[in-house]
Amino acid sequence: MNNIAGGMKSLCEDIITGRGGRKSTIQQLKGEAGTIRDNARRFLSESKRFRDEMGKDLRKGLQEGREDLLKNVKTLREDFREKEKEVKADLAEASKIWNKMNETLRNKKIRHK
């Protein structure tokens, strides 16, 4: 019978030791979970700050690009208006030359008939 009592005593000691081990492991895991939670919060906070800064930089860059684009379009319009006057004048002159040649050909046809 001594074996049974000894076995029970050993079993009870193992249970108590195991419980203490589990308790320390649980406390360790809780500590690690807290650290992970803190790191996650810090990461999210830094990510938000980075995203906000990046958004500001993008908005600023787009605004500057928009202003440059507007300047370029204005310059192109002015150049087009200047060239348009030259082209219209050139076309008008070409039209006069064409009409004069056409009139000359008509007069020659009329004389030959």
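Whatever comes next refers back to the structure up there.
Definitions and cut-offs
Residues numbered from 1 in each chain as written. Predicted model: local features only at pLDDT ≥ 70, side-chain atom pairs only at ≥ 80, totals over all residues. Heavy atoms only, no water. Helix = DSSP H or I, 4+ residues; strand = E, 2+ residues; numbered from the N terminus. Rg over C-alpha atoms; globule rule 2.2 N^0.38 Å. Buried < 20%, exposed > 50% of the residue type's maximum accessible area, 1.4 Å probe, protein only. Salt bridge = Lys/Arg side-chain N within 4 Å of Asp/Glu carboxyl O. Patch = residues over 30% accessible without salt bridge, like charges linked within 9 Å, V, L, I, M, F, W, Y side chains within 5 Å. Areas by Shrake-Rupley, 256 points an atom, 1.4 Å probe, with all protein chains shown as cover. Lys, Arg positive; Asp, Glu negative; His and termini not counted. Charge placed at Lys NZ, Arg CZ, Asp CG, Glu CD.

## Side note on the overall build of the protein chain
- Looking only at helices and strands, one finds one helix and zero strands in the protein chain.
- Rg of the C-alpha trace for the protein chain: 47 Å, well past the compact-globule value of 13 Å for 113 residues, more than 25% over.
- With the C-alpha coordinates aligned to their principal axes, the bounding extent of the protein chain is approximately 150 × 35 × 5 Å.
- The buried share of the protein chain, reckoned over its 113 residues, is 2%.

## Some words on the pattern of salt bridges
- For the structure on display, the rule yields five salt bridges.
- In this structure, the salt-bridge partner of Glu84 is Lys88, at a minimum N-O distance of 3.8 Å. Placement of the pair is Glu84 and Lys88 together in helix 1 (residues 2-112), with a separation of four residues, close to one helical turn.
- Exposure remark for Glu84: the relative accessible area of 30% places this residue in the partly exposed category.
- We classify Lys88 as exposed; its relative accessible area is 54%.

## Points about a nonpolar patch on the surface
- Taken together, the side chains of Met8, Leu11 and Ile15 define a hydrophobic patch exposed on the protein surface, amounting to about 290 Å² of accessible area.
- Mapped onto the secondary structure, Ile15 falls in helix 1.

## Examining a negative patch on the surface
- Together, Glu78, Asp79, Glu82, Glu86, Asp90 and Glu93 make up a region of like negative charge exposed at the surface.
- Position of Glu82 relative to the elements: it lies in helix 1.

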